[in-house]
Each structure stands twice: as C-alpha cells, then as structure tokens.
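Working through the structure, step by step
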Amino acid sequence: MPRLIVWMVLALAGSAFAQPVRIARPPLFFKEEWRQLPSGGEHPVTQAAVSNPDLELSLYGIDSKDIQLTGVAGVENNPIHIYTGLCTTSCGATLRDKNNYVDLTVLGRVRWLIKGSGFHRVQPLVKLADGTWLVGDHSDGSSADWLVNEFSLPDVRWLKIDQVKLLPKGLWVEKPDLSKVDEIGFVDLMAGGQHGPGGYVDVADVEVYGKPVKRDSVAKTQ
C-alpha cells in the first residue's frame, strides 16, 4: 500500500508540471497579390489579374461582371486591388487552388490588405467540397488608409448564402466542416456607391493559411 501511495504522488506531481500541448500553426496555403494589365487603369477583373499560377478566380453576384481591378504595382497608397464600387448588388470573388482543397479547421486563418468606404464591409466567403456556400460574420470595414487585417477561421460564425444573388439565409450553421474548402474569398453584401464615398471595398493582397488536402485523395475516398 505505501508503494502505491508513492506512485500516486509521483503521478500527480508529474501532471502538475506537464507542459501544455502546443498546436502548430498551419503553413501558408496561398498568397495572391494581383497583377495589372499592361494597359493599366481600371477595368473588369479577369483571370489575367491572378498572379499565382496555381489559383483560379471566380466572381459571384448578379453584377459580378462589374467588379473592377485597378491600382499600380509598388505604389503603397494604391496597390493593385479588386474594387466593388460599381456593383449595384452584392458581389464577391473567390480563389481556388487547382490541385488542393484547404483544411481550415486547426488555426486556419486569413490575412488581407483592404480599404473601404461608407458602410461597406469585407466578409469571408467559402465554398465547401460538398458544394455548400457559407458567409462568415467576421467583417473588416471602412478606413481612410490601407490596413492589414488577420482573423482565425475557427472563430467565425457562418450562414449559408445563395451563391447567385449572394444573399445570406437560414440559421447559423453549427460546426461547419472546414476540413475541405474548395474556394475561399470575400463578399461585399451592399450595393456599391460608384466612385464616390457612398461605399465600396478594395481588396489587395490575400493570404490564406491552412493545410493542403490533395483533390485526388479526396476523390478516391468519396
């Protein structure tokens, strides 16, 4: 019996000094800095604006054709960016890695360089591997200058969203499966205010941190 007591005391002492488990941050999954056309200026954004060869751009919203690309490379107060001011309805854009889904469940996060005007906000927009579309409650808003904002995806609450009209719907989605995200980007849920102060969002550099999941391996398990 005394020997059993000694072992119990040692076990309790060891647990008291045990180191907390540290979860490693996921790596950079992709970074997009956008690429201006040789003609420069402001014009509708297309796949030609994507500088990362592994990424595919998709535009959403009834007026998605009016999402613009503008800015100048290397100019700090006017970096190359996407601009939503000409959209007369909600509009958004996503990026899709050609070879991988992204697992955002463990400390997945997004960092983006944005500027906005009026009441407009930039919110995360994702498409899951099963085709579900979600919009997050995290939002970054208007500012007089360009700001880098970073947030953790597991902290975000999500609603389903109609990917055509970009209208949120239903109740909060409890514990959505972010282990296989097909597309990720942003949405501006307000109509644009053209070029005036009435409202727009500008989205420049976008970084997504998460674990890559090969598309082939997912297909084989389905």
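Calculation rules
Residues numbered from 1 in each chain as written. Predicted model: local features only at pLDDT ≥ 70, side-chain atom pairs only at ≥ 80, totals over all residues. Heavy atoms only, no water. Helix = DSSP H or I, 4+ residues; strand = E, 2+ residues; numbered from the N terminus. Buried < 20%, exposed > 50% of the residue type's maximum accessible area, 1.4 Å probe, protein only. Contact = heavy atoms within 4.5 Å. Areas by Shrake-Rupley, 256 points an atom, 1.4 Å probe, with all protein chains shown as cover. Phe/Tyr/Trp six-rings, centres within 6.5 Å; stacked < 30°, edge-to-face > 60°. Lys NZ or Arg CZ within 6 Å of the ring centre and 35° of its normal. Patch = residues over 30% accessible without salt bridge, like charges linked within 9 Å, V, L, I, M, F, W, Y side chains within 5 Å. Salt bridge = Lys/Arg side-chain N within 4 Å of Asp/Glu carboxyl O. Pairing = 2+ DSSP bridges. Polar contact = N/O pair within 3.5 Å; in protein donor to acceptor, adjacent residues only side chain to side chain. pLDDT = per-residue confidence, 0-100.

**Regarding the overall build of the protein**
- For the protein, the count of helices and strands is two helices and 16 strands.
- Expressed as a percentage of the 222 residues in the protein, the buried residues total 45%.
- For the protein, contacts bridging at least 24 residues in sequence account for 73% of all contacts bridging at least 6.
- In the form shown here, the protein has an accessible surface area of approximately 12000 Å², with 57% of it arising from carbon and sulfur atoms.

**A word on the packing of aromatic side chains**
- What the rule picks out here adds up to four aromatic pairs.
- Pairing Phe-29 with Phe-30 gives two aromatic rings, centres 5.8 Å apart and planes at 50°, and the pair type is tilted.
- The buried category is assigned to Phe-29, whose relative accessible area is 13%.
- Taking relative accessible area as the criterion, Phe-30 reaches 3% and is therefore assigned buried.
- If you follow Arg-157 out to its NZ or CZ, it ends over the ring of Trp-172, 3.8 Å from the centre.
- It is Arg-215 that lies over the ring of Tyr-101; its NZ or CZ is 4.3 Å from the centre.

**Considerations on a nonpolar patch on the surface**
- On the surface, Ile-23, Val-106 and Leu-107 cluster together into a nonpolar patch covering about 260 Å² of accessible area.
- Relative to the helices and strands, Leu-107 is located in the loop between β7 (100-103) and β8 (109-118).

**Here we look at the environment of Leu-159**
- With respect to the element layout, Leu-159 can be found in strand β12 (residues 158-161).
- Since its relative accessible area comes to 18%, Leu-159 is described here as buried.
- As for Leu-159 and Leu-125, which are separated by 34 residues in sequence, their C-alpha atoms are 10.0 Å apart.
- Excluding residues within four positions of it along the chain, Leu-159 makes contact with Trp-133, Leu-134, Val-135, Pro-168, Lys-169, Gly-170, Leu-171, Trp-172 and Val-173.

**Quick word on the pairing of strand β15 (residues 199-209)**
- With ten of eleven residues buried, β15 lies mostly within the body of the structure.
- Of the strand pairs in this sheet, strand β1 (residues 28-32) and β15 are connected by four bridges, and their pairing is antiparallel. Among the inter-strand pairings, Lys-31 is bridged to a residue of β15, identified as Glu-207.
- Examined bridge by bridge, strand β5 (residues 81-83) and β15 share two bridges and lie antiparallel to one another. What sits directly across from Tyr-83, in β15, is Asp-202.

**Considering the environment of Tyr-209**
- Positionally, Tyr-209 belongs in strand β15.
- Separated by 57 residues in sequence, Tyr-209 and Ser-152 place their C-alpha atoms 9.4 Å apart.
- Sequence-distant contacts of Tyr-209, defined by excluding residues within four places in its chain, comprise Pro-26, Pro-27, Leu-28, Phe-29, Leu-104, Gly-108, Arg-109 and Arg-111.
- A polar contact of 3.1 Å, which involves the side chain of Tyr-209, links it to the side chain of Arg-111.

**Re the side chain of Asp-63**
- Its place among the elements puts Asp-63 in the loop between β3 (55-60) and β4 (68-70).
- Asp-63 sits in the buried class, given a relative accessible area of 10%.
- Ignoring sequence-local partners within four residues, the contact set of Asp-63 consists of Cys-87, Thr-88 and Thr-89.

**Digging into the confidence of the model for the protein**
- Averaged over all residues, the pLDDT of the protein equals 89, while 87% of them reach at least 70.
- Predicted confidence is poor over residues 218-222, with pLDDT under 50, and the contacts of this stretch with residues over four places away or in other chains come to three contacts.

**Details of the pairing of strand β6 (residues 91-97)**
- Burial analysis of β6 places six of its seven residues in the buried class, the great majority of the element.
- Here β6 runs beside strand β14 (residues 181-188); their pairing, made up of five bridges, is antiparallel. Bridging across to β14, Ala-93 finds its partner in Phe-186.

**Digging into the pattern of salt bridges**
- A complete count under the given rule lists 14 salt bridges for this structure.
- In this structure, the salt-bridge partner of Glu-150 is Arg-109, at a minimum N-O distance of 2.5 Å. Taken together, the residues Glu-150 in strand β11 (residues 147-152) and Arg-109 in strand β8 connect sequence positions 41 residues apart.
- A single network of salt bridges, built from pairs that share partners, joins Lys-31, Glu-33, Arg-109, Arg-111, Glu-150 and Glu-207.

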